[in-house]
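For reference, the chains in residue letters:
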Number of protein chains: 2
Amino acid sequence: MSYSQLFKFNLDTGVIRMNDAASTIYGDLNKLGPAENYMDEIYEIIHQIRLFDDFGMDEIKVLCHYLRCYAAPRHYPLLKEGDRGDFMVLILTGSAEVRVNIPGLGNEKIAELLPGSTVGETSMIDGEPRFITCIATAPTDFAVLSRDSLNQILMQAPRLGNKLLLTLLQLLSARLREAYNPVQTAVV
Amino acid sequence: MSYSQLFKFNLDTGVIRMNDAASTIYGDLNKLGPAENYMDEIYEIIHQIRLFDDFGMDEIKVLCHYLRCYAAPRHYPLLKEGDRGDFMVLILTGSAEVRVNIPGLGNEKIAELLPGSTVGETSMIDGEPRFITCIATAPTDFAVLSRDSLNQILMQAPRLGNKLLLTLLQLLSARLREAYNPVQTAVV
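Each chain carries its own residue numbering, running from 1 in the written order of its sequence. The lettering of chains begins at A and the numbering of ligands begins at 1, in the order of writing. pLDDT decides what is reported in this predicted model: residues at 70 or higher carry local features, side-chain atom pairs at 80 or more are listed and counted, and totals for whole chains, interfaces and linings draw on all residues regardless. With hydrogens and water excluded, all non-hydrogen atoms of the structure serve as input to the side-chain values.

A. Region of interest: the overall build of chain A. By definition, any uninterrupted DSSP run of H or I lasting at least four residues is a helix, any uninterrupted run of E lasting at least two residues is a strand, and each is numbered from the N terminus. Per the secondary structure count, chain A includes five helices and twelve strands. Looking at the 188 residues of chain A, the share that counts as buried comes to 57%. The long-range share in chain A, meaning contacts at least 24 apart out of those at least 6 apart in sequence, stands at 73%. Accessible surface computed for chain A: about 8,000 Å², of which carbon and sulfur atoms make up 51%. The classification of residues rests on relative accessible area computed with a 1.4 Å probe and restricted to protein chains. Under 20% of the type maximum is buried, over 50% is exposed, and intermediate values are partly exposed. Here a residue-residue contact requires only that any non-hydrogen atoms of the pair lie within 4.5 Å. Only the protein chains shown count as cover for residues, and the accessible areas themselves come from Shrake-Rupley with a 1.4 Å probe.

This is the structure in structure tokens:
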């Protein structure tokens, strides 16, 4: 198992040390701006996700402070296999599909994303290139949480940070179970 | 995607709410007792793992307070697919292999575990039954971290808890990448 050399803890703060300059992402897309502008909508969406059940309005408010929102047209690649990218995506409206190249099986659709779905957590965490491709299948608004923002949440709002880390752990656990038991295309 | 109904956050503390009674585990094995008795050895082992690079001796000392150690003979099943179990395992000496039933492929060996390897994080996190089986391939000493202990660390040593959650996220990210790109049997 090779772990990323890029990804190191900061001994003093317990947060991820940034080795990459903050990337300019989605420069070609219509920026919807800070997520605070859409807080009611985001709260409505996030609150319907069981994983975020226990996040209160105040916590969603803080979380929104660290999110940036974008609007993508149908067929836009939200994430591309092989790309570097230290952020994850939360689908707000529209839909997307996730595809992966599986040795011996070829390019497989492994998930459909609907509002409330997340994608791209792995690269946010380990700093390694994407291993999936995610394409919008309808005009799609989405929010971005970067590794830098996650670090800031851990430092500035440690209790919320801990809840977020536990939520991410549950997401990855569910993904791992699906990977070994792909009974059907997951809706995540 | 079905998330565990058992697994819920505690709104106030941001830690996992326990729905299962603490389980009596490895009742048939020779208990080596609290990990504090083996702290120097555990520090030596953990310190060689890149993921734990930034854990200092003081932090390992605190971590050891929450671990319990056991000795297993060769062929002993450390974890069994389908079993419930809210803990993860850290191999201290010896070795083990991890097998999983993959639909269409059958029972596959997916990893060899050596001292410093961990296994069973997913069930610790989501409270769902094990999806892998792990068998000792030599006489093996191992340490156990339960969900209950993780909760206690998050409450009593939040900074260490944070580092531990980030380490678990990296472990699961690496597992997920391997699941979709099993170029060789992983040594984890």
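B. Just the environment of D58(B), in detail. If you trace the backbone, D58(B) turns up in helix α2 (residues 57–65). Taking the C-alpha atoms as reference points, D58(B) and R175(B), 117 residues apart in sequence, are found 28 Å from one another.

C. Layout of the pattern of salt bridges. Throughout this description, the term salt bridge denotes a Lys or Arg side-chain nitrogen within 4 Å of a carboxyl oxygen of Asp or Glu. Throughout the structure, instances matching the rule amount to twelve salt bridges over all chains. Between E97(B) and K109(B) there is a salt bridge whose closest N-O contact spans 3.8 Å. Here E97(B) is found in strand β7 (residues 96–102), whereas its partner K109(B) is found in strand β8 (residues 106–113), with twelve residues between them in sequence. Of the residues examined, K109(B) reaches a relative accessible area of 30% and is grouped as partly exposed. Taking the shortest distance from any N to any O, the salt bridge between E121(B) and R175(B) comes out at 2.6 Å. Remark: R175(B) occurs in helix α5 (residues 158–180) and E121(B) occurs in helix α3 (residues 121–126); sequence separation between them is 54 residues. Given a relative accessible area of 12%, R175(B) falls into the buried group. When salt bridges that share partners are traced, they join E97(A), R99(A), K109(A) and E112(A) into one network.

D. A look at the pairing of strand β11 (residues 140–146) of chain A. Residues and elements named next belong to chain A. Summarising burial for β11: six of the seven residues are buried, a large majority. Pairing between two strands requires that DSSP report at least two bridges joining them. When strand β4 (residues 68–72) meets β11, the two strands line up antiparallel, connected through five bridges. Paired with A72 across the two strands is T140, which belongs to β11. Relative to β11, strand β6 (residues 87–91) runs antiparallel, the two sharing five bridges. Looking across to β11, one finds that V89 is bridged to V144.

E. Main features of the side chain of E97(A). Any pair of nitrogen or oxygen atoms within 3.5 Å is treated as a polar contact; in protein, a donor-acceptor pairing is required on top of that, and neighbouring residues in sequence qualify only through side-chain atoms on both sides. Within the structure, E97(A) has its side chain in polar contact with the side chain of R99(A) (distance 3.2 Å). Look past the residues within four positions of E97(A) in its chain and what remains in contact with it is K109(A), A111(A), T133(A), C134(A), I135(A) and T137(A).

F. Summary view of the pairing of β8(B). All names here are of chain B. Relative to β8, β7 runs antiparallel, the two sharing seven bridges. The partner of I102 across the bridge, within β8, is G106. As consecutive antiparallel partners, β7 and β8 are separated by three residues, and within that stretch G104 has a phi angle of approximately 90°, a positive value.

G. Quick look at the packing of helix α5 (residues 158–180) of chain A against α5(B). Running from N to C, α5(A) and α5(B) cross one another at 20°; their axes reach a closest spacing of 9 Å. Between α5(A) and α5(B), the interaxial angle falls into the category roughly parallel. The chirality of how α5(A) crosses α5(B) is left-handed. Of α5(B), the residues touching α5(A) (which contributes N162(A), L165(A), L166(A), L168(A), L169(A), L172(A), S173(A), R175(A), L176(A), A179(A) and Y180(A)) are P158(B), N162(B), L165(B), L166(B), L168(B), L169(B), L172(B), S173(B), R175(B), L176(B), A179(B) and Y180(B). A fitted line through C-alpha atoms represents every axis, and for helices the fit uses only the stretch in contact; the resulting angles, taken between N-to-C directions, go from 0 to 180 degrees. By the definition adopted for this analysis, an angle is roughly parallel if under 35 degrees, roughly antiparallel if over 145, roughly perpendicular if from 65 to 115, and oblique otherwise. Should the near helix be turned anticlockwise from the far one by less than a right angle, the crossing is termed left-handed; should it be turned clockwise, right-handed.

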